[in-house]
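# Report on the structure
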Amino acid sequence: MYQGMEHGSDFDYVGAAVYAGAPPEPGVNVDAALMKAAGLSQADLAKKLATMRTVVGTEVLRYRAGTMAPGVMKEGDVRIVGRVKIKPGMGDEYLEMARSITEPTMKARVAAGELKSWSLWSRVFPSGAATSYDALAVTYFKDLASAIRGLDAAKGVETFQKTHPGKNYGAFVNNARDYSELQQRFVMQVIAMVERAQ
């Protein structure tokens, strides 16, 4: 939704699979599961999908921080995805800030009902200086109006001060700017999902 004509807008849909641990090896035979779910073998499903889509890229991302919990996200939810470039030499600082400062603050904001979920993912493959981004910041909202409205900045300061008494909010904002730079933001809607409770 609303990709505009900027670079990187060469896709219509995003499919994501989240695993506890490493993803399965490419080419693993999943015929039994596919036959049960779709009535097709892996090869037949691949042929059918090839007539319906063109895969423009694949990536491996690693979950680094967030508020994710089973049963929270639903079909129809709207997510804002921010592609972030981490500044040279600032990877450790950026990820530590996400874990120790941003994650507890976002958990408090989720508990207050301001958003459904927040997470940060580092890009594992492809990666490097020539890539367009290093991390994804993903925020889920219940609907498009909430996503476009975004989070209330005043509540953000208030929540930060409650979550991190004695810490300086201005220093947190400046550190975020020193460690990273937002490259691009997308609005997406969840149209289908399957989830297995842990």
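Note that the structure is predicted; figures quoted are calculated from it, not measured.

### Focus: the sheet that holds strand β2 (residues 78-86)
- Pairing within the open sheet is antiparallel, and its 5 strands lie in the order β1-β3-β4-β2-β5. The open sheet is flanked by β1 (60-66) and β5 (180-189), the only strands paired with a single partner. Strand-to-strand, the axes of this sheet are offset by a mean angle of 25°, without reference to chain direction.
- Where β2 meets strand β4 (residues 135-141), 7 bridges bridge the pair, whose relative direction is antiparallel.

### Brief notes about the packing of helix α3 (residues 91-111) against helix α6 (residues 169-179)
- The geometry of α3 relative to α6 is characterised by a closest axis approach of 10 Å and an angle of 150° between their N-to-C directions. Taken together, the axes of α3 and α6 lie roughly antiparallel to each other. Pair α3 / α6 crosses with left-handed handedness. Contacts between α3 and α6 involve E93, Y94, M97, I101 and T102 from the first element and F172, N175, A176 and Y179 from the second.

### Notes on a nonpolar patch on the surface
- Taken together, the side chains of V18, Y63 and M68 present a nonpolar region at the surface, about 260 Å² in accessible area.
- Looking at the element boundaries, V18 is found in the segment before α1 (31-38).

### Here we look at the pattern of salt bridges
- Throughout the structure, instances matching the rule amount to 7 salt bridges.
- With its nearest N and O atoms 3.4 Å apart, the salt bridge here joins K107 to E103. With K107 and E103 both in helix α3 and 4 residues apart, the pair spans about one turn of that helix.
- What makes K107 partly exposed here is its relative accessible area of 44%.
- The salt bridge partner of R109 is E114, with a shortest N-O separation of 2.7 Å. Take R109 and E114: they sit in the same class, and that class is buried.

### Digging into the environment of A154
- Along the chain, A154 turns up in helix α5 (residues 153-163).
- The exposure class assigned to A154 is exposed, which follows from its relative accessible area of 55%.
- Each C-alpha atom of the pair A154 and S127 lies 35 Å from the other, and the pair is 27 residues apart in sequence.

### Here's the deal with the packing of aromatic side chains
- In this structure the tally under the stated criterion is 5 aromatic pairs.
- Put simply, the rings of F160, Y169 and F172 pair up and form one aromatic cluster.
- Of note, R123 hangs over the ring of Y133, and the distance from its end group to the ring centre comes to 4.2 Å.

### Some remarks on unusual backbone geometry
- The amide bond that connects F125 to the next residue, P126, takes the cis arrangement and shows omega of -15°.
- By the secondary structure assignment, P126 is in the loop between β3 (117-125) and β4.

Parameters at a glance
- Residues numbered from 1 in each chain as written.
- Predicted model: local features only at pLDDT ≥ 70, side-chain atom pairs only at ≥ 80, totals over all residues.
- Heavy atoms only, no water.
- Pairing = 2+ DSSP bridges.
- Helix = DSSP H or I, 4+ residues; strand = E, 2+ residues; numbered from the N terminus.
- Axes fitted to C-alpha atoms, helices over the stretch in contact; angles between N-to-C directions.
- Parallel < 35°, antiparallel > 145°, perpendicular 65-115°, else oblique.
- Left-handed = near helix turned anticlockwise from the far one by under 90°.
- Contact = heavy atoms within 4.5 Å.
- Patch = residues over 30% accessible without salt bridge, like charges linked within 9 Å, V, L, I, M, F, W, Y side chains within 5 Å.
- Areas by Shrake-Rupley, 256 points an atom, 1.4 Å probe, with all protein chains shown as cover.
- Salt bridge = Lys/Arg side-chain N within 4 Å of Asp/Glu carboxyl O.
- Buried < 20%, exposed > 50% of the residue type's maximum accessible area, 1.4 Å probe, protein only.
- Phe/Tyr/Trp six-rings, centres within 6.5 Å; stacked < 30°, edge-to-face > 60°.
- Lys NZ or Arg CZ within 6 Å of the ring centre and 35° of its normal.

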